[in-house]
Amino acid sequence: MSRRKRQFYPIAIIIVGLILVFSAVGISSRNLRKDLEREMQMTLGDVASQNVLVVYKNIELQYRLLVGYSEKLQENPGQEEVILEDMKTFVKTYGFKRMGYIQDDGTAYTTDGNQLDLGDRNFFHKSMEGKVWISAALGDRISGEQEMINVFSVPVYDKAGSSVRGVLFATYRNEVFRDMMDEDFFEGKGYSCIIRTDGTVMAHSQNSPIDSTENFFEHICEEDEVGYSTVGQMKSDMENGRNGYGKCAHQDGRSAMFYYMPVNENTYGSQWYMVTLAPQAVMDARINPVMRNAYVLAFVLVIIAAMGVTAFILLQRKRREELESLAYEDSLTGGYNFAKFREMAKNRAGLSGYVIAMDLVDFKLINSGFGVQKGDEALLALWGLLRKNVNDSELVARVNADRFVLFWQADDKAALEQRIKNLIRAIKEIPEKLNIPPLFPVLGIYYVESLEDADKCYGYALQAKHLVKGRRDKYYAFYDEIDYQRLMENKKLEDSFDEALENGEFEVWYQPKYSAQSGEIIGAEALVRWRRSDGKMLPPGIFIPLFEKNGCISVLDEYVFRRVCERQKERLDTGKKTYPVSVNISRVSLYFDRIVERYESILKETGLDVKYVQLEITESATVDNVDIGGLIERFHEVGFQMLLDDFGSGYWALSSLNTMRFDTLKLDKSLIDYIGDTRGEKLLKYITRLGQSLGFRITAEGVETAAQVEFLKHLKCDDIQGYFYSKPLPMQEYEALVSG
Ligand code: C2E
Ligand code: CA
Ligand code: CA
């Protein structure tokens, strides 16, 4: 997955989480709103029906009273004054302001002693038409139009009951209705109106924002918030005497919920409706705290989730950084590793300079001889030096073990060489501080016009380094010094191995070994030679390293071993004098499977007694191969004598003398060359003593002078091998020598 995709994930989770949480809150708020609305609707309905009951009961009573008097007048025409007098007592009881009688010419006589013309009043006309009527709110003419009143009127028929001859009426303060309407709902915020089906407001509760001067349908908006025709619905319900529920926006912008139900059964001339309303604010006041809590909770949840996700992202980032540092940081030095070098090289693409591959010759000997900790100290000291020796545009990294890579810039080759020499000098000072053997850096240098492909450049630098790796006289080489001619020839040699083996081009030569004391032959070392088809003879120093690289060496070693075994057996069988011959095994061959078994089977095949053939393994092999001790044991079990070759050529891991049970130490020529130098001689002496005291046989190699022979004899060294006695000889010559 790409990094971008990975980063998108948590963000997507947050977004989805937010959507989920808020839609959950949204849904529950809608549900809550619906529940509340339903509850409020029920409350509104309850209040409305209660109001209706009260109003209806009152009106019924008044109706009955008026109708009672009307019937009396019908029975007793001319009794108007008596009746008026009688009515005075009921005015109070019924809470009327006054009652009265209107003649057909509109002249009205009232219980409070007024006589006035009400011929223009609508209620008068309605009742004259025979209707029982309750007027809408009117200004009271008697008290100067200040007070709002309603007038309840009934017709008074003539005795025959065929025509209306007057009107009886009762006036009450509009407040009376008002008082009939419950105001105590929704914390006093709810209000009620009594309206006619044409929207005329007959009465309203005290706190109603709609008053009697307005038309209910004009006061509220035609449509509700969602465009539904509230007014249309109400009107059609009212026409059909249905009750209903609605939401409306007042013209002043406030909105409300309301419930409406008919008050009477259309007996007083006009259908009345009781409307109970609750302002939206009531609903909001109930819902808002709950919703606020829900949103706070949701917000907290989202914050927690966001914190969780953030923590997750940070953790991820930290892990990525850790991984990156693992990928880019060298564990020992804490500096760059090669992967980082590669990245940095990309950043410096286009720069010209020198890519330098560096390592230390035989550094592993420090690890094995002085401990890994000392080795690490040396590497850290070296790292410190290298770090000091790069500027901002340059680079340094540890590749692995003792291998480093540098990118240096210099004006020219000479300037670079000067820098390198300074560096080598500084490196040479490290061992003294750490009390370890000398360090020998080798460097391969590759010049790049334009840095970029670190792998390629480092590869070239490595090739250059190989030019100096095996040498002790030179520390560095440039890539352009590589002799391609030589490389091609080496390649040819490698390629012709199989053919050469088949053609018998590999010859076994013998270098005799002599007893130091008696000077007599005691054995020989088998050394391979390659006689090429053109007759040219190649020394092993040329081809063995090549075959060690491509693995052919194990085949060659076995071949030499088999040839030696066969020849020894032949000599024994023909009764010729036969001395033990040692055969070399390359350390590379040791890595191959079942080596002990294979050598043992060759021995069996040829039928040679194991005491006539010995095996030489070089000292450096003891460093590379961890289980060399075990291998030696197994060779021993077969019966082989084991010789430790080139002892003293590198740094000595003296402790390994104890753990690896060799039989013979072959002192390297470099030790023998110490003879003549007092300190060197001392060293040689102690080594020989030490070896002998540990039970090793001591063979001196590369002995070239009589003085050396004398010295070694004096040392009580066991055997001598070297040009002083004999160079390696072709088989026939060696056998001639042996046969004397
Ligand atoms: P080595 O095993 O240390 O063999 C001794 C080398 O020292 C031989 O070189 C020998 O000619 C040389 N030498 C002996 N006495 C003197 C002396 O007095 N002065 C000088 N300057 N040199 C002396 P050679 O034959 O060129 O072999 C070189 C190396 O090649 C051997 O070193 C050994 O490591 C390797 N080698 C030779 N034959 C075989 C083989 O069959 N298998 C393997 N794996 N390696 C072999
Ligand atoms: Ca040898
Ligand atoms: Ca040797």
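Anyway, here's the lowdown on the structure attached to this text. (Residues numbered from 1 in each chain as written. Chains lettered and ligands numbered in written order. Predicted model: local features only at pLDDT ≥ 70, side-chain atom pairs only at ≥ 80, totals over all residues. Heavy atoms only, no water.)

Another aspect to go through is the coordination of the calcium ion (ligand 2). Ideal donor angles around a metal are set by the shape: a four-donor tetrahedron calls for 109.5 degrees, a six-donor octahedron for 90 or 180 degrees. At the metal site, the calcium ion (ligand 2) is ligated by E525 (OE), N584 (OD1), E616 (OE) and D645 (OD), and these contacts range over 2.1 to 2.3 Å. When the donor residues of the calcium ion (ligand 2) are listed from N- to C-terminus, their spacing reads E-x58-N-x31-E-x28-D. Taken as a pair, the calcium ion (ligand 2) and the calcium ion (ligand 3) lie 3.9 Å from each other and share D645 as a ligand. Residue E525 is located in strand β19 (residues 521-531), and its partner E616 is located in strand β22 (residues 613-618); the two are separated by 91 residues in the primary sequence. In this pair, the class of E525 matches that of E616, namely buried. (Donors = N, O, S within 2.8 Å, 3.2 Å for Na, K, Ca; no water. Helix = DSSP H or I, 4+ residues; strand = E, 2+ residues; numbered from the N terminus. Buried < 20%, exposed > 50% of the residue type's maximum accessible area, 1.4 Å probe, protein only.)

The next subject is the site of ligand 1. Among the 22 residues in the neighbourhood of ligand 1, the closest are listed as R529, D557, D645, E704 and Y723. In this structure, a nitrogen atom belonging to ligand 1 sits 2.7 Å away from a side-chain N or O atom of D557. At a separation of 3.2 Å, an oxygen atom of ligand 1 approaches a polar side-chain atom of D646. Across the complex, the protein chains shield 81% of the 790 Å² of accessible surface that ligand 1 would expose by itself. Within the residue set of the shell around ligand 1, elements represented by two or more residues are β19, α15 (540-550), α16 (553-573) and β23 (641-647). It is β19 that contributes the most residues to the shell around ligand 1, 4 residues altogether. Taken together, the residues that form the shell around ligand 1 break down as 9 nonpolar, 5 polar and 8 charged. (Near = heavy atom within 4 Å. Polar contact = N/O pair within 3.5 Å; in protein donor to acceptor, adjacent residues only side chain to side chain. Areas by Shrake-Rupley, 256 points an atom, 1.4 Å probe, with all protein chains shown as cover. Nonpolar A, V, L, I, M, F, W, Y, C, P; charged D, E, K, R; others polar.)

This brings us to the sheet that holds strand β9 (residues 201-204). The sheet built from 5 strands is open, its strands ordered β9-β8-β12-β11-β10 with antiparallel pairing. Strand pairing shows two members of the sheet lacking a second neighbour, β9 and β10 (244-249), which therefore form its edges. Averaged over neighbouring strand pairs, the angle between their axes works out to 25° when direction is ignored. In the sheet, strand β11 (residues 255-262) pairs with strand β12 (residues 272-279) via 7 bridges, with the strands oriented antiparallel. Bridging across to β12, Y260 finds its partner in V275. Strands β8 (191-196), β10, β11 and β12 of the sheet are contacted by helix α6 (residues 230-239), whose axis makes an angle of about 10° with β11. Packed onto the sheet, helix α7 (residues 280-328) meets β11 and β12 and runs at close to 40° relative to β12. (Pairing = 2+ DSSP bridges. Axes fitted to C-alpha atoms, helices over the stretch in contact; angles between N-to-C directions. Contact = heavy atoms within 4.5 Å.)

A separate point is the coordination of the calcium ion (ligand 3). Protein coordination at the calcium ion (ligand 3): the donors are D645 (OD), D646 (OD), E701 (OE) and E701 (OE), at 2.2 to 2.6 Å from the metal. Here the donor residues of the calcium ion (ligand 3) share one chain and are spaced in sequence as D-D-x54-E. On the basis of relative accessible area, E701 is assigned to the buried category, the value being 12%.

Moving on to the pattern of salt bridges. Enumeration over the complete set of coordinates arrives at 37 salt bridges. Here K666 ties to E616 by a salt bridge, and the two come within 2.6 Å at their closest N and O atoms. One end of the pair, K666, is in strand β24 (residues 664-667); the other, E616, is in strand β22, and 50 residues separate them in sequence. Using a relative accessible area of 1% as the deciding quantity, one classes E616 as buried. The network of salt bridges with common partners includes K97, R98, D112, D140, E147 and R173. (Salt bridge = Lys/Arg side-chain N within 4 Å of Asp/Glu carboxyl O.)

For the rest of this paragraph, the subject is the packing of aromatic side chains. A full pass over the atoms with the stated rule returns 35 aromatic pairs. Measuring from centroid to centroid gives 5.1 Å for F724 and Y725, while their planes differ by 80°, and the two rings are edge-to-face. Classification of F724 as partly exposed rests on a relative accessible area of 35%. Among the residues examined, Y725 registers a relative accessible area of 26% and is labelled partly exposed. The cationic tip of K413 hangs over the ring face of F478; the distance from NZ or CZ to the ring centre is 4.3 Å. Here the guanidinium or amino end of K727 rests over the ring plane of Y723, the centre of that ring lying 4.9 Å away. (Phe/Tyr/Trp six-rings, centres within 6.5 Å; stacked < 30°, edge-to-face > 60°. Lys NZ or Arg CZ within 6 Å of the ring centre and 35° of its normal.)

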